[in-house]
Structure formats: C-alpha cells, structure tokens
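Reading the structure
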Amino acid sequence: HSDTDGRLGLRFPPDFGWGAATSAYQVEGAAKDDGRGESVWDTFSRTPGRTHGGDTGDVAADHYHRYPTDLDLMRDIGLRSYRFSIAWPRVQPDGSGAPNQRGLDFYRRLVDGLHDRGITPMATLFHWDLPQALQDTGGWENRDTAYRFADYARAVFDALGAQVPVWLTVNEPKTVVQNGYIIGHHAPGRQDPDAAYLVAHHLHLAHGLAVAQLRDTGSTSRIGPALNLHPCYPADDSPASVAAARLYDGYENRLYLDPVFTGSYPADVLADLGPDSRLARGIHDGDLETISAPVDLLAVQYYTPIYVTATGGTERRWPTSVATWQQIFPEGMYDILTRVTRDYGPVPITVTENGLPTPDALAADGTVDDAGRVAFLRDHLAAAHRAIAAGVPLESYHVWSLLDNFEWEQGYDQRWGLIYVDYPTQRRVLKSSAHWYRRVIADNAI
Ligand code: PNW
C-alpha cells in the first residue's frame, strides 16, 4: 500500500549506492575534440538509413563540454554513484599504441569532479565504441582485438586506476552479439550468427584479460562484467515450452554468465551451435581459465522478460514500452536477482541499468512530467527491495539514464533520462522522475 504521493515506505540498506548511468558515445558528443579517433558507431550512424532520422552522436548531449553542469545536477539529485563509460577512441584513436593524454585528461577531470561532489565513479571500459581502425582489421571477430583491449585497459588503469573504485569491463556483450552481428541494427551491422558467437568468445576473452591487467597493477579497485539479463519464462507449462525456454535462457543468460562464473560454456548452447561452429573452433587452451578469473562483483542490467513458446518463438504478455523490445514486468527484477545469486553467488551485485523510455515533452510551465517513469522505477525498486530481503547482496542501483541521449539506432527519438535535454539549446530540465529520485535518495526509501 502506498501513501498519497505514491511512497511505499520500503527502506534500503545503509550506504545503498543510488546512482544513474550513461555511456560515452550516447552523451559526450565532441566527436573531433582532443584527438579522438573514430569508432564503429561513428561509421554506422553516418551511414544513411542506419539510425532514426540519420541521427549521430557527433553532438549528443554535449556532455564532453557540459560535464561541470551535469556534475552539479548529479549533486542536486543527490546521486551517490555515477556510472559512465570511457571512449576507447579517445584514449587510443587507432585502437593501439601510446595513449592520447588529452583524451585521458577528460576522464580525469570528470572523476575529480565526481569526487569533489562526493559521488563515487563507476567506469565501464567498453560500451560498444570500438575504434574503427580495429574494425578494419576484423573487429571482435579477430582474436587479436581482445589483446588490444587488454592494452587499452592497462593504459586506463595506469592513468585512473587509483581514483575509480569500481571497473566494469564489457557492457552487454550479448547486445553486441545479437544486435551487432545477428540482427544487424547496431554497429557493425552484420547478419552472421556464426561470426556472432565467436565475437561472444572474444568479448569474454577481452573481459578476462582486462581483469588480469587490473590485478597486475596491484590495484585494490574492484572489477566485474556488466550483463543484460533477460529472465526467460515458458509461455505455458508444456514440456516443449519449458525445454524451449531453457535453451532460450542458454542463449540469453548462461552463454554470458557461465564462462565467467563457472569456467565453461553451457553445454546445451554449444551442442545447439554444433561442433563446427566458429565459437567451438575459436576456444583455445587456457581461454576459459582467463575468462573465469575471479571477479569482485556482477553488474546486472534488467529491462524486460522474454516469454518463450513451445516452438522457441517469443510472445508478448505484458505492456510494451515505446521500445518495442521492452515489456514492463517488475517481477522480473526479483527473479533475475535471486536467480543469479542462487546459481552464481555469493557475489556482490550492482544493478547498472534499469529504465524506461517515455514520450517526454517540455510543458509550457517549463516542467517535464514523466509519471510513467516514476511508476516503473518505483515498482522495479520494490522488486529489488524484496530481492535484498531474500538475501541478494545488492549494493547499488543505477537508473538508465541520467540524461536523455543518443539511443543507438533510435537516435534522439527515445528519451530515457531523469533529466530532459532540449537538444537545440542543450538546456537541461529535471523531469518529475529526477525530483522523485532525489527524495528517494534523501529518505533512503521508496
Ligand atoms: C542497453 N534488448 O541496451 C544499453 O546498455 C544502453 O546503452 C541503452 O541505451 C539502454 O540499454 C536502453 O536501450 C539494450 O533488446 C539494448 O533487450 C537492447 C536490449 C536491452 C538493452
């Protein structure tokens, strides 16, 4: 039961890490500043027909220039944690070699600004913006890209390792695999499933090599993977639906969790791909030891469940958001958090993304009413609260996103932020969800 302003009276643990998240290509803009190289997303978004309205991240939310204002807004909301990503092409414009100091300096200013305001930085090393020069030599299909990533990670750790207490390696390897290499509506726009699962392996290898690099620096910072997990439910209780949902879960979840946490690929997925798959042939001796190096935490990103029919198809069962792939099902948050703790724990967990796109508009009185987002966040936080009560070691939660931003192939058409961005002027306006979240953080309760 909620009181009149929708508050549930559910208190979170002391020091809970209330946060919000962004990624470099989606917010920074400044595509040519300070020696930044090009990434696969520059190439992809500049290719006619690839993004809504031909939108690109060239300017985005201009966060590269406006970060001091954005830091002040984070402080005003009361954030305890801010998750951002580092653009590999700013650090190594061609994907290898000596780091570009001016690129690193931006992240140093950002991290210093967070500490000045009492906000804990959480940095993702790779949120999909692969240097185009590495794509030109095969990208993630090329095993060498994982070793280039390890070098890049080392350069970042050497520059910022002491100031960033939590590192995330690869953001959502599954989305690169599925959207980048199977469906093809993300960069690099391929439609080649056999290549896709080899890409998965090389992303896992990149993760493991980066973990080793952090350990080698002697850092006491923590590190883990950032996985978007989709609870997969059988559409009915027939044995065929249950079996189909189980295999679907293999492709959606266990393919990304098992190598890191158990040191092996899920046998049902490997069997389904067959002995001659590029994945099966691409696993070298020792790879799984590298990939399963102990991590310090698991970052979970939850948006939607998947309902699987007896034939392995999917079905819509709950209301969808303006993102057609998203069904609104808060209970899925409870299910996925308790499941990863049961099957892969005990490992500290952070939710690094959860959110909803809504058709937000600036009203005549200068406000932005996103009541739908408030209800979504409150219901998902209530499910997270129940998961904590059930024993899930959840330490923090990050709304996707801090700011409206470049939503990949949807361009600027989908708004996911707590903060409205008026793109023509780059003016920021706190939405009603941001005001609501400020009170949640102040009360440490929903
Ligand atoms: C995540 N799906 O992507 C990304 O990490 C963010 O960069 C992105 O802006 C955000 O979620 C919202 O889309 C996803 O198809 C892309 O289930 C696709 C899916 C989930 C997450």
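Residues numbered from 1 in each chain as written. Predicted model: local features only at pLDDT ≥ 70, side-chain atom pairs only at ≥ 80, totals over all residues. Heavy atoms only, no water.

Note the threshold: UniProt positions are given in the numbering used here, feature names are shortened, and annotations may be inferred rather than shown by experiment.
Under an unreviewed UniProt entry, the protein chain has the name Beta-glucosidase and belongs to Micromonospora cathayae. Note on the protein chain: under the UniProt heading Sequence similarities (unreviewed entry), the record states "Belongs to the glycosyl hydrolase 1 family." Checking UniProt for the protein chain, the heading Catalytic activity (unreviewed entry) contains the comment "Hydrolysis of terminal, non-reducing beta-D-glucosyl residues with release of beta-D-glucose."

**As for the sheet that holds strand β9 (residues 314-315)**
For the record, the criterion: For two strands to pair, DSSP has to find at least two bridges joining them. In this description a helix means any DSSP run of H or I spanning at least four residues, a strand means any run of E spanning at least two, and both kinds are numbered starting from the N terminus. We call two residues in contact when some of their heavy atoms are within 4.5 Å. For helices, the fitted axis covers only the stretch in contact; all axes are lines through C-alpha atoms, and the angles between them, taken along N-to-C directions, range from 0 to 180 degrees.
Reading across from one edge, β6-β8-β9 is the order of the three strands in this open sheet, with mixed pairing throughout. The sheet is open, and its two edges are formed by β6 (232-234) and β9, each paired on a single side. Relative to strand β8 (residues 306-308), β6 runs parallel, the two sharing three bridges. Counterpart to cysteine 232 in the pairing with β8 is isoleucine 306. Against the sheet, helix α10 (residues 239-262) engages β6, β8 and β9, with an angle of about 170° to β6.

**Details of the pairing of strand β7 (residues 298-301)**
Note the following rule: Buried, partly exposed and exposed residues are distinguished by accessible area as a fraction of the type maximum, computed with a 1.4 Å probe on protein chains only: under 20%, between the cut-offs, and over 50%, respectively.
Here β7 shows no split at all, with Leu298 and Val300 on one side and Ala299 and Gln301 on the other all buried. Bridging between strand β5 (residues 222-228) and β7 involves three bridges; their strand directions are parallel. The residue of β7 that forms the bridge with asparagine 228 is glutamine 301. One ladder, built from four bridges, connects β7 with strand β10 (residues 349-353); its direction is parallel. The residue bridging leucine 298 from the neighbouring strand is isoleucine 349, located in β10.

**Section: the pairing of strand β2 (residues 81-85)**
Burial analysis of β2 places five of its five residues in the buried class, which makes it a mostly covered element. Here β2 shows no split at all, with Ser81, Arg83 and Ser85 on one side and Tyr82 and Phe84 on the other all buried. With three bridges joining them, strand β1 (residues 17-21) and β2 adopt parallel strand pairing. Note on β2: the bridge partner recorded for glycine 19 is serine 81. Where β2 lies against strand β3 (residues 120-126), five bridges are found, and the strand directions are parallel. For serine 85, the partnering residue across the bridge sits in β3 and is threonine 124.

**What about the site of the ligand?**
We apply this condition: Throughout, the term near means that a residue has one or more heavy atoms lying within 4 Å of the molecule or strand in question. Whenever two N or O atoms come within 3.5 Å, that pair is a polar contact, provided that in protein one can donate a hydrogen and the other can accept it, and provided that, for residues adjacent in sequence, both atoms are side-chain atoms. Reported accessibility uses the Shrake-Rupley method at a 1.4 Å probe radius. Residues are deemed covered only where the shown protein chains occlude them. In this count, Pro and Cys sit with the nonpolar residues alongside Ala, Val, Leu, Ile, Met, Phe, Trp and Tyr, while Asp, Glu, Lys and Arg are called charged and the others, Gly among them, polar.
Residues in contact with the ligand amount to 16 residues; listed here are only the nearest, Gln26, His127, His230, Glu353 and Glu407. Glutamine 26 is positioned such that a nitrogen or oxygen atom in its side chain is 2.7 Å from an oxygen atom of the ligand. With respect to the ligand, the side chain of tryptophan 408 contributes an N or O atom lying 2.8 Å from an oxygen atom. For the ligand, whose free accessible area comes to 450 Å², the fraction covered by protein is 92%. Residues that form the shell around the ligand fall into these classes: six nonpolar, seven polar and three charged.

**Some words on the sheet that holds β7**
Pairing is parallel around the closed barrel formed by eight strands, whose spatial order is β1-β2-β3-β4-β5-β7-β10-β11. Taking the axes of each pair of neighbouring strands and ignoring which way they run, one obtains an average angle of 25° across the sheet. Where helix α8 (residues 173-183) meets the sheet, it contacts β4 (166-171) and β5, and its direction lies at approximately 35° from that of β5.

**As for the packing of α8 against helix α9 (residues 193-216)**
What counts, and what does not: Oblique is the label for any angle not under 35 degrees, not over 145, and not in the 65 to 115 range, which are roughly parallel, roughly antiparallel and roughly perpendicular in turn. Less than a right angle of anticlockwise turn of the near helix away from the far helix marks a crossing as left-handed, whereas a clockwise turn marks it as right-handed.
Between α8 and α9, whose axes approach to 9 Å, the crossing angle comes to 155°. Between α8 and α9, the interaxial angle falls into the category roughly antiparallel. Considering only the axes of α8 and α9, their crossing is right-handed. For the pair α8 and α9, contact is made by Pro173, Val176, Val177, Tyr181 and Ile182 and by Pro193, Ala195, Ala196, Tyr197, Val199, Ala200 and Leu203, respectively. Grouping the constituent residues of the contact of α8 with α9 by class yields 12 nonpolar, no polar and no charged.

**Side note on the confidence of the model for the protein chain**
We apply this condition: Scored from 0 to 100, pLDDT records how confident the predictor is in each individual residue.
When pLDDT is averaged across the protein chain, the result is 97; 99% of the residues are at 70 or more. This prediction of the complex comes with two scores: 0.97 for pTM and 0.91 for ipTM.

**Observations concerning α10**
Formally: For a helix, the expected span equals 1.5 Å multiplied by the residue count minus one. The angle between axes fitted to the seven-residue stretch ending at a residue and the seven-residue stretch beginning at it gives the bend at that residue.
Taking 1.5 Å of rise per residue, 24 residues should cover 34 Å, yet α10 covers just 27 Å from first to last C-alpha, more than 12% shy of that figure. Along α10, the sharpest change in direction is near 60° and occurs at arginine 254. Where α10 terminates, the next one or two residues include glycine 263, which has phi positive at roughly 75°.

**A few points about the nonpolar core**
Quick reminder of the rule: Residues belong to a common nonpolar core when they are buried Ala, Val, Leu, Ile, Met, Phe, Trp, Tyr or Cys residues joined through side-chain atoms within 4.5 Å.
Ile86, Trp140, Phe149, Trp167, Leu337 and Tyr437 are the most contacted members of the largest nonpolar core, which totals 126 residues. Sort the elements by how many residues they give to this core and α9 lands first, with 12 residues. Setting aside residues up to four positions removed in sequence, isoleucine 86 forms contacts with Ala24, Val91, Tyr107, Ala123, Thr124, Leu125, Asp129, Tyr152, Val156, Leu160 and Trp167. Listed in part, the six residues of the second largest apolar core include Val166, Leu168, Leu297 and Ala299.

**Observations concerning the packing of aromatic side chains**
So the rule is basically this: Side-chain rings of Phe, Tyr and Trp, where Trp is taken by its six-membered ring, are said to pair if the distance between their centres is within 6.5 Å; with planes under 30 degrees apart they count as stacked, over 60 as edge-to-face, and otherwise as tilted. The criterion is that NZ of a Lys, or CZ of an Arg, lies within 6 Å of the ring centre and within 35 degrees of the ring normal, and then a charge sits over that ring.
What the rule picks out here adds up to 38 aromatic pairs. Look at tyrosine 25 and tryptophan 41: their rings are 6.4 Å apart centre to centre, the planes differ by 35°, and that puts the pair in the tilted class. Highlighted residues: tyrosine 25 in helix α1 (residues 24-27) and tryptophan 41 in helix α2 (residues 40-45), separated in sequence by 16 residues. We classify tyrosine 25 as buried; its relative accessible area is 4%. Above the plane of the ring of tyrosine 334 lies arginine 386, whose end atom (NZ or CZ) is 4.5 Å from the centre.

**So, the environment of serine 401**
Tracing the backbone through its elements, the reader meets serine 401 in the loop between β11 (394-400) and β12 (419-422). Along the sequence, serine 401 and aspartate 55 sit 346 residues apart, while their C-alpha atoms lie 19 Å from each other. What serine 401 contacts, discounting residues up to four positions off in sequence, is Ala21, Thr22, Trp416, Gly417 and Leu418. A polar atom in the side chain of serine 401 sits 2.8 Å from the backbone oxygen of alanine 21.

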